[in-house]
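# Structural overview for review
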Amino acid sequence: MKSIWNETTEIFPSEPLTRDITADVVVIGGGMAGILTAYYLQEQGVDVVVLEANCIGSGQTEDTTAKITSQHSLIYDRLIREWGEQKARQYAQANQEAVVAYANLVKKLGIDCEFQRKPAYLYTLSDSEVLEREAHAAKRLGIEAKVTTQTTLPFPVQGALMFPDQAMFHPLKFLTAVAERITIYAETKVEGVEKMSVFTGRHTVRAKHLIFASHYPFVNIPGFYFARMHQERSYVLALEQAGHLDGMYIGVDKDASWSMRNTGNLLLFGGGNHRTGENKSGGKYAELEKQARNFWPVSREVARWSAQDCITLDGIPYIGNFSKTRPDWYVATGFGKWGMSSSMVAARIISDAIVGQTNIYKEVFSPQRLWKWRTIQNFLKEGRYAAVGLTKGIFTEKIEDVKEHAGIGRGPRCAHMGCKLEWNPDEGIWECPCHGSRFQADGEIIDNPANQTLSDETSSL
Ligand SMILES: Cc1cc2nc3c(=O)[nH]c(=O)nc-3n(C[C@H](O)[C@H](O)[C@H](O)COP(=O)(O)OP(=O)(O)OC[C@H]3O[C@@H](n4cnc5c(N)ncnc54)[C@H](O)[C@@H]3O)c2cc1C
């Protein structure tokens, strides 16, 4: 199921790596985070290469809804309470500046990517008090924010919180235009990393700095990111003859948190969020279809797709130094479904760190930041998920059941750490509820942190 971005972009072909090379910096992953980081490094004269397992943008970036905004659902009131005003301001300003940085880059490079400034709205059908609190918090942090009841949505709301002057674009048109300026080796999957050497199976890249922009880092130790994140998936319909909205919308109510934005004559209508690996009964697209018929009775679906993103323990991305024991490794992950602005934030923080420039926003995103009470609670929750996933079905699993679905021999267990995989009928895909790795029905790897296809050896404990 291809996104409309995919259907409307020609990705230029990059050659695979065919020899051993050296570089100042090697970036693993050619999604929005990897390409932007490589761009800013190259702009400052750094010798940088990107290694991409497939082609650029082929990860979550091709399936995003591509809103560029500092409005990351309800976050600022919580950030102030949990982290204090200074760190909350770092988060807010870094993301506000990211919107401006996109606008500047589009202009500077003359990129034709349907970039438009639009307001971003959070809406609620129930209690607008949370929006009032969020507006108050946002204003304290320097963001213009206004609560209204007037929207262009096809249903009445109790309130909508508007941030003006945010943006949206065609992510792949933007990405390809930036990527044309960078040295990229496509179809070059990184199989392993050791100190400052990166192995692709056939060849080695030696570098002074290494950046994990692979969406979810596939190295378990050091860093322990597998214990510090899970993934969540949601679904999108592209509709013809649906509404025309004045901006980008997303709901904050649990059972009405639809995401909406226009692109050309289409409306992107998203929802159906779940932890990856927890959609056994399916029905996510059907539910969206039902709601679409309800809101726009004459609308017609032209495309559907889904995507997932990493959620950190405290809801703030991990951007910066990968681990204390690896001072020259960097990471950009855990964007919590706000990876357009977060990729730009990551690109600025990591490129500044590598060229030795001060970045006043880096502290709040540091992967080595202190743990708050929420962090500890979620860490224990992730541990429980892993324990259940690892032990589930080991005594009862019937090999026949497994073969019926996957034809992969000794059991649908994840190639990452051996958790029991679950079938997602909406996608026809195996998913890991522990860390969110995904595999085709025949066991081929799709999404990290697993970095290899299922086999008899890797699919059983
Ligand atoms: C339904 C949905 C809607 C969203 N909408 C928005 C939105 O409107 N606005 C917003 O800000 N965010 C949104 N997001 C989030 C955003 O799309 C992501 O955060 C962002 O695309 C992540 O970019 P990335 O570069 O980190 O990862 P990716 O785009 O996944 O890039 C990682 C790349 O690394 C490559 N890779 C992986 N392993 C290896 C390896 N071993 N060797 C070499 N290469 C490797 C992959 O092939 C991939 O190309 C949305 C997310 C979802 C799920």
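Before any of the text, the structure's been laid out above.
Here's a quick rundown of the structure.

About the cut-offs
Sequence positions are assigned chain by chain, starting from 1 and proceeding in written order. Whole-chain, interface and lining totals are the exception, using all residues; otherwise, since this is a predicted model, local features are given only for residues with pLDDT of at least 70 and side-chain atom pairs are given and counted only at 80 or more. For the side-chain quantities, the full set of heavy atoms in the structure was used; hydrogens and water were omitted. Only a pair of cysteine sulfur atoms within 2.5 Å counts as a disulfide in this structure description. Here a strand is any run of E in DSSP of at least two residues, a helix any run of H or I of at least four, and the numbering for each starts at the N terminus. Residue exposure (1.4 Å probe, protein chains only): buried if accessible area is under 20% of the type maximum, exposed if over 50%, otherwise partly exposed. Lining residues are those with an atom within 4 Å of a point, where the points come from a 1 Å grid over the protein atoms alone and group into cavities, where a 1.4 Å probe fits but cannot get out, or pockets, open sets with protein on both sides within 12 Å along at least five of seven lines. Grid points are joined across faces, edges and corners, and a volume is the space filled by probe spheres set on the points. Each residue gets one of three labels, nonpolar for Ala, Val, Leu, Ile, Met, Phe, Trp, Tyr, Cys and Pro, charged for Asp, Glu, Lys and Arg, and polar for the others, Gly among them. Salt-bridge detection follows one rule: a side-chain nitrogen of Lys or Arg within 4 Å of a carboxyl oxygen of Asp or Glu. The span you would expect from a helix comes to 1.5 Å times its residue count less one. We call a residue near a molecule or strand as soon as one heavy atom of that residue lies within 4 Å of the molecule or strand. Residues adjacent in sequence count toward polar contacts only when both atoms are side-chain atoms; beyond that, a polar contact is any pair of N or O atoms within 3.5 Å, and within protein one must be able to donate a hydrogen and the other to accept it. With residues, only the protein chains shown are counted as cover, and all accessible areas are computed by Shrake-Rupley using a 1.4 Å probe. Being paired, for any two strands, means DSSP has found at least two bridges between them. The angle between two axes is taken between their N-to-C directions and runs from 0 to 180 degrees, where each axis is a line fitted to C-alpha atoms and a helix contributes only its stretch in contact.

### A look at the state of the cysteines
Scanning the model with the defined rule gives one disulfide in all. Two residues, Cys-419 and Cys-434, share a disulfide whose sulfurs are 2.3 Å apart. Here Cys-419 and Cys-434 share a disulfide; its torsion about the S-S bond, -100 degrees, makes the bridge left-handed. One end of the pair, Cys-419, is in the loop between helix H10 (399–406) and strand S18 (422–424); the other, Cys-434, is in the loop between strand S19 (429–431) and strand S20 (438–440), and 15 residues separate them in sequence. Residue classification places Cys-419 among the buried positions, given a relative accessible area of 1%. Owing to a relative accessible area of 1%, Cys-434 belongs among the buried residues under this scheme. Cys-113 forms no disulfide, and the closest cysteine sulfur to it belongs to Cys-55, at a distance of 18 Å. With relative accessibility at 1%, the residue Cys-113 sits in the buried group. Counting only cysteine sulfurs, Cys-432 is the nearest neighbor of Cys-310, a cysteine outside any disulfide, at a range of 13 Å.

### Here's the deal with empty space enclosed by the protein
Considering all chains together, one arrives at two cavities of 30 Å³ or more under this definition. For the largest cavity, the calculated volume is near 50 Å³. Around the largest cavity sit Arg-228, Leu-313, Asp-314, Tyr-318, Pro-367, Arg-369, Leu-370, Trp-371 and Thr-375, which together line it. Counted by class, the lining of the largest cavity contains five nonpolar, one polar and three charged residues. Counted as a void, the second largest cavity has a volume near 40 Å³. If you trace the second largest cavity, you find it lined by Lys-67, Thr-69, Gln-71, Ala-120, Tyr-121, Met-248, Tyr-249, Ile-250 and Trp-338. For the lining of the second largest cavity, the elements supplying multiple residues, two or more each, are strand S4 (116–124) and strand S12 (248–251). If one sorts the elements of the lining of the second largest cavity by residue count, S12 sits on top with three residues.

### Some thoughts on unusual backbone geometry
Phi is mostly negative for residues that are not glycine, and the peptide bonds are mostly trans. With an omega of 0 degrees, the peptide bond running from Ile-221 to Pro-222 counts as cis. For Pro-222, the location among the structural elements is in the loop between strand S10 (204–212) and strand S11 (229–240). Even without glycine at this site, Glu-114 takes up a positive phi of about 55 degrees. By the element assignment, Glu-114 lies in the loop between helix H3 (76–109) and S4.

### Digging into the pattern of salt bridges
By the definition in use, this model includes 24 salt bridges. Connected via shared salt-bridge partners are Arg-233, Glu-427, Glu-431, Arg-438 and Asp-447.

### Some thoughts on helix H7 (residues 339–355)
Spanning 17 residues, H7 covers 23 Å between terminal C-alpha atoms, matching the ideal 24 Å at 1.5 Å per step. Summarising burial for H7: 14 of the 17 residues are buried, a large majority. Count one or two residues on from H7 and you reach Gly-356, which has phi positive near 80 degrees.

### Brief notes about the site of the ligand
Close to the ligand lie 37 residues, the nearest being Glu-52, Thr-61, Thr-65, Asp-309 and Met-340. In this structure, a nitrogen atom belonging to the ligand sits 3.1 Å away from a main-chain N or O atom of Lys-337. A distance of 2.7 Å separates an oxygen atom of the ligand from a polar backbone atom of Met-340. Starting from 1,000 Å² of accessible surface for the ligand in isolation, the protein chains cover 95%. Looking at the shell around the ligand, the elements with two or more residues in it are helix H2 (32–43), strand S15 (300–312) and H7.

### Quick word on the sheet that holds S19
Strand order in this open sheet of four strands is S18-S19-S20-S21, and the pairing throughout is antiparallel. Here the strands that pair on one side only, and so sit at the sheet edges, are S18 and strand S21 (445–447). Averaged over neighbouring strand pairs, the angle between their axes works out to 35 degrees when direction is ignored. Pairing between S20 and S21: two bridges, direction antiparallel. Paired with Arg-438 across the bridge in S21 is Asp-447.

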